Amino acid sequence: MTLVHLTPATLPSGRVASSRRPSSRLLWAGGFALLGLAADIAAGPVPLVFAAILILGLGLPHGASDHLAAMAGRRMRDDPVRLLAFLVLYLGAVAITLVLWHAAPGATLAAFLALSAVHFAIDDVSDGMRWAERVARGLMPITLPALFHAEALAQLFAALSTSPGGDALAGVASFLALPVLALASLAVVLRLRDRERASALELVLIAGALLTFSPLVGFALVFALVHSRGQTHERMATLHLPTLRAYLLACSPTLVGAAILFASLAALFASGQAPALNVVFIGLAALTVPHMLVTPLFERRAAPSER
Ligand SMILES: CC1=C(/C=C/C(C)=C/C=C/C(C)=C/C=O)C(C)(C)CCC1
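Sequence order as written defines residue numbering, which begins from 1 separately in each chain. Totals for whole chains, interfaces and linings use every residue, but because this is a predicted model, local features are given only for residues with pLDDT of at least 70 and side-chain atom pairs only at 80 or more, for both listing and counting. The basis for the side-chain values is all heavy atoms of the structure; hydrogens and waters are excluded.

Taking an unreviewed UniProt entry as the reference, the protein chain is identified by name as Probable beta-carotene 15,15'-dioxygenase belonging to Aureimonas jatrophae. UniProt positions are given in the numbering used here, feature names are shortened, and annotations may be inferred rather than shown by experiment. Recorded under Function (unreviewed entry), the UniProt text for the protein chain is reproduced unchanged: "Catalyzes the cleavage of beta-carotene at its central double bond (15,15') to yield two molecules of all-trans-retinal." The record in UniProt for the protein chain states the following under Sequence similarities (unreviewed entry): "Belongs to the Brp/Blh beta-carotene diooxygenase family."

As structure tokens, then:
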């Protein structure tokens, strides 16, 4: 529901509400979509750079508070052992993912995509069960690009695994794309029935973006503008940080660390010594694995007052 939130204010219940009007949110989304279109038309490395900026700039902040969610309201200096245990487990999950990816790239990419679908399905619907919408929101980013960009998707999946692995996964995505589109249409109808036009429109825009743009650009737009934005606002509410400024300040150690890491990578790219792009991608994907475990494990406990 994130095209629906932008400038938050804390409600008496502790939840975060938006003071942005839907029309202004749509304008923002339209502006980003135009940039995405320009990136796809420019081709070459531009779509990749556009996707990287969007994913890192707008996508990263929602995961930067994972340690705060895990501390469940405690201050770090009050429970350093918990923080240390969290960091060890977090980095351990990253390391295990990297080892698995090295040992069995095809199977690990498949598991990563499945876990991501579950993550989006859990996080991106906040009101009620809505099974059709959950399955659609989970699977759309992975399957819909296969309808009109099957070859590009297969190439990306192959770069992250093996050539036969990439073809097989893109084949599964193509097979699922139409049923997923049908589920998304059902979800739109159900939202319209409930007079929730903003949610219905958001679903239509997600599907439209994933069908239209190249796979990386479409994914980056949906990930940054829908998933990450929604989850940033959820975290702000859960952690009782009413403004974006307060949230970013609370996450600043992670954000500064990430900025140093990505600036070093950019410097390596500039000097021609960078690791292969697929290695960078796999590293980023591995970093999201513990993040995907944090929400179900810790988040609901972080704000007992909201239960
Ligand atoms: C569909 C698709 C991709 C899948 C990305 C996924 C599934 C990312 C998941 C990220 C998560 C779960 C972040 C959590 O916050 C690639 C590889 C970019 C290639 C282009 C198409």
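Resuming the write-up.
Asker: Would you explain the overall build of the protein chain in this entry?
Answerer: Segments assigned H or I by DSSP are reported as helices when at least four residues long, segments assigned E as strands when at least two residues long, and all are numbered from the N terminus. What the protein chain contains, in helices and strands, is 14 helices and two strands. Throughout, radius of gyration means the C-alpha value; the globule benchmark is 2.2 Å times the number of residues raised to the power 0.38. Here the protein chain has a C-alpha radius of gyration of 19 Å; the compact-globule value for 307 residues is 19 Å, and the two agree. Referenced to the eigenvectors of the C-alpha coordinate spread, the extents of the protein chain come out at roughly 50 × 50 × 30 Å. By residue count, 43% of the 307 residues in the protein chain fall in the buried class. Here the contacts in the protein chain between residues at least 6 apart in sequence split such that 70% fall between residues at least 24 apart. The buried label goes to any residue with under 20% of its type's maximum accessible area, the exposed label to any with over 50%, and the partly exposed label to all in between, with areas taken from a 1.4 Å probe on protein chains only. Contacts are residue-level and defined by heavy atoms, with any inter-residue pair within 4.5 Å sufficient.

Asker: Can you help me understand the packing of aromatic side chains in this one?
Answerer: For any pair of aromatic rings, the description rests on two quantities: the centre-to-centre distance and the angle between the ring planes. Here is the rule: rings of Phe, Tyr and Trp (six-membered ring for Trp) pair when centre to centre is within 6.5 Å. Planes less than 30 degrees apart are stacked, more than 60 are edge-to-face, and the remainder are tilted. The final tally for this structure, using the stated rule, is six aromatic pairs. Geometrically, the ring pair formed by F86 and Y90 is tilted, given 5.2 Å between the ring centres and 50° between the ring planes. Placement of the pair is F86 and Y90 together in helix α4 (residues 80-103), with a separation of four residues, close to one helical turn. Accessibility classification places F86 together with Y90 in one group, the buried group. Measuring from centroid to centroid gives 6.4 Å for F120 and F219, while their planes differ by 55°, and the two rings are tilted. With a gap of 99 residues between them, F120 in helix α5 (residues 105-123) and F219 in helix α11 (residues 215-238) connect regions that are remote in the sequence. On the basis of relative accessibility, which here comes to 6%, the residue F120 falls in the buried class. Accessibility expressed as a relative area gives 26% for F219, which makes it partly exposed.

Asker: Is there a simple way to think about the side chain of R134 in this case?
Answerer: Considering the arrangement of structural elements, one finds R134 in helix α6 (residues 131-143). Although R134 is buried, it makes no salt bridge; D127 carries the closest opposite charge, 6.5 Å away. Within polar-contact distance, the side chain of R134 engages the backbone oxygen of V125 at 3.3 Å. From its side chain, R134 meets the backbone oxygen of M129 in a polar contact 2.7 Å long. Not counting residues within four places of it along the chain, the set of residues in contact with R134 comprises A121, I122, V125, G128 and M129. In summary, the charge assignment counts Lys and Arg as positive and Asp and Glu as negative, without counting His or the chain termini. Salt bridge criterion: a side-chain nitrogen from Lys or Arg within 4 Å of a carboxyl oxygen from Asp or Glu. Any pair of nitrogen or oxygen atoms within 3.5 Å is treated as a polar contact; in protein, a donor-acceptor pairing is required on top of that, and neighbouring residues in sequence qualify only through side-chain atoms on both sides.

Asker: How should the packing of α6 against helix α10 (residues 197-212) be read in this particular structure?
Answerer: The axes of two packed helices give the description: the angle between them and the distance between them. Every angle, taken between N-to-C directions, lies between 0 and 180 degrees, and every axis is a line fitted to C-alpha atoms, over only the stretch in contact when it is a helix. Direction vectors running N to C along α6 and α10 enclose 25°, while the axes themselves pass 10 Å from each other. The orientation of α6 with respect to α10, classified from their angle, is roughly parallel. By crossing handedness, the relation of α6 to α10 is classed as left-handed. In this structure, α6 uses E133, R137, M140 and P141 to contact α10, whose residues at the interface are S199, E202, L203, I206, A207 and L210. When its residues are assigned to classes, the contact of α6 with α10 shows six nonpolar, one polar and three charged. An angle below 35 degrees is read as roughly parallel, one above 145 as roughly antiparallel, one from 65 to 115 as roughly perpendicular, and any other as oblique. Left-handed describes a crossing whose near helix is turned anticlockwise from the far helix through less than a right angle; right-handed describes the clockwise counterpart. Only Asp, Glu, Lys and Arg are considered charged in this grouping, and only Ala, Val, Leu, Ile, Met, Phe, Trp, Tyr, Cys and Pro are considered nonpolar; every other residue, Gly among them, is considered polar.

Asker: Got a minute to help me understand unusual backbone geometry in this structure?
Answerer: Note on backbone geometry: most residues besides glycine have negative phi, and most peptide bonds are trans. Here the phi dihedral of A72 falls at roughly 45°; this positive angle occurs in a residue that is not glycine. Tracing the backbone through its elements, the reader meets A72 in the loop between α3 (66-71) and α4.

Asker: Sorry, what's going on with the packing of α10 against α11 here?
Answerer: For the pair α10 and α11, the least separation of the axes is 8 Å and the interaxial angle reads 155°. Regarding the angle of α10 to α11, the classification is roughly antiparallel. Handedness of the α10/α11 crossing: right-handed. Contact residues: E202, I206, A209 and L210 in α10; G218, F219, V222 and V226 in α11. Tallied by class, residues from the contact of α10 with α11 come to six nonpolar, one polar and one charged.

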